[in-house]
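Observations on the model geometry
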Amino acid sequence: MLLIVVLLVVLAPNVRAEAPLVATSAEMAGDELRVRALITFDREPKLSRLIIANPHRLVIDLPETGFAFDGNAPLARGLVSDVRFGLMQAGKSRIVLTA
């Protein structure tokens, strides 16, 4: 019985779900040759990225993320013709920049 109690105490902190990541601000600047996107998160994100052709897109996959841009969502600039972001499924969010 004592062993079970000790295991529960040791494992309990790991059972708690981590709060979703939060993107607090986003900026984009650029011209027809290059673009710079700056997205600020409340902590360092674990992300993966993929470049897709036809049309050219940069896809950034993130853990579940709240996008708290306060009405200041990044607007397409320069090379980027469209910006999309949101929840893909439980636990996974995505940002897509289309050229």
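Notes on the structure follow. For clarity, every value in this text was computed on a predicted model and none was experimentally measured. (Residues numbered from 1 in each chain as written. Predicted model: local features only at pLDDT ≥ 70, side-chain atom pairs only at ≥ 80, totals over all residues. Heavy atoms only, no water.)

1. What about the sheet that holds strand β4 (residues 57-63)?
One open sheet holds the four strands; their spatial order is β3-β4-β7-β6, and the pairing between them is antiparallel. The open sheet has two edge strands with one neighbour each: β3 (48-52) and β6 (82-89). The average angle at which neighbouring strand axes cross in this sheet is 20°, direction not considered. Here seven bridges tie β4 to strand β7 (residues 92-98), and the two strands are oriented antiparallel to one another. Pairing of L62 across the sheet is with S93, part of β7. (Pairing = 2+ DSSP bridges. Helix = DSSP H or I, 4+ residues; strand = E, 2+ residues; numbered from the N terminus. Axes fitted to C-alpha atoms, helices over the stretch in contact; angles between N-to-C directions.)

2. A few points about the layout of surface pockets
Each pocket or cavity is described by its volume, and for the largest pocket that value is around 170 Å³. Lining of the largest pocket is provided by E18, A19, P20, L21, R43, E44, P45, K46, P63 and E64. For the lining of the largest pocket, a count of residues per class yields five nonpolar, no polar and five charged. (1 Å grid on protein atoms, 1.4 Å probe; cavity = no way out; pocket = protein on both sides within 12 Å on 5 of 7 lines; lining within 4 Å. Points joined across faces, edges and corners; volume = space filled by probe spheres on them. Nonpolar A, V, L, I, M, F, W, Y, C, P; charged D, E, K, R; others polar.)

3. Here we look at the environment of E44
Among the structural elements, E44 can be located in the loop between β2 (35-41) and β3. The exposed category is assigned to E44, whose relative accessible area is 75%. C-alpha of E44 to C-alpha of V22: the two residues are 22 residues apart in sequence and 10.0 Å apart in space. (Buried < 20%, exposed > 50% of the residue type's maximum accessible area, 1.4 Å probe, protein only.)

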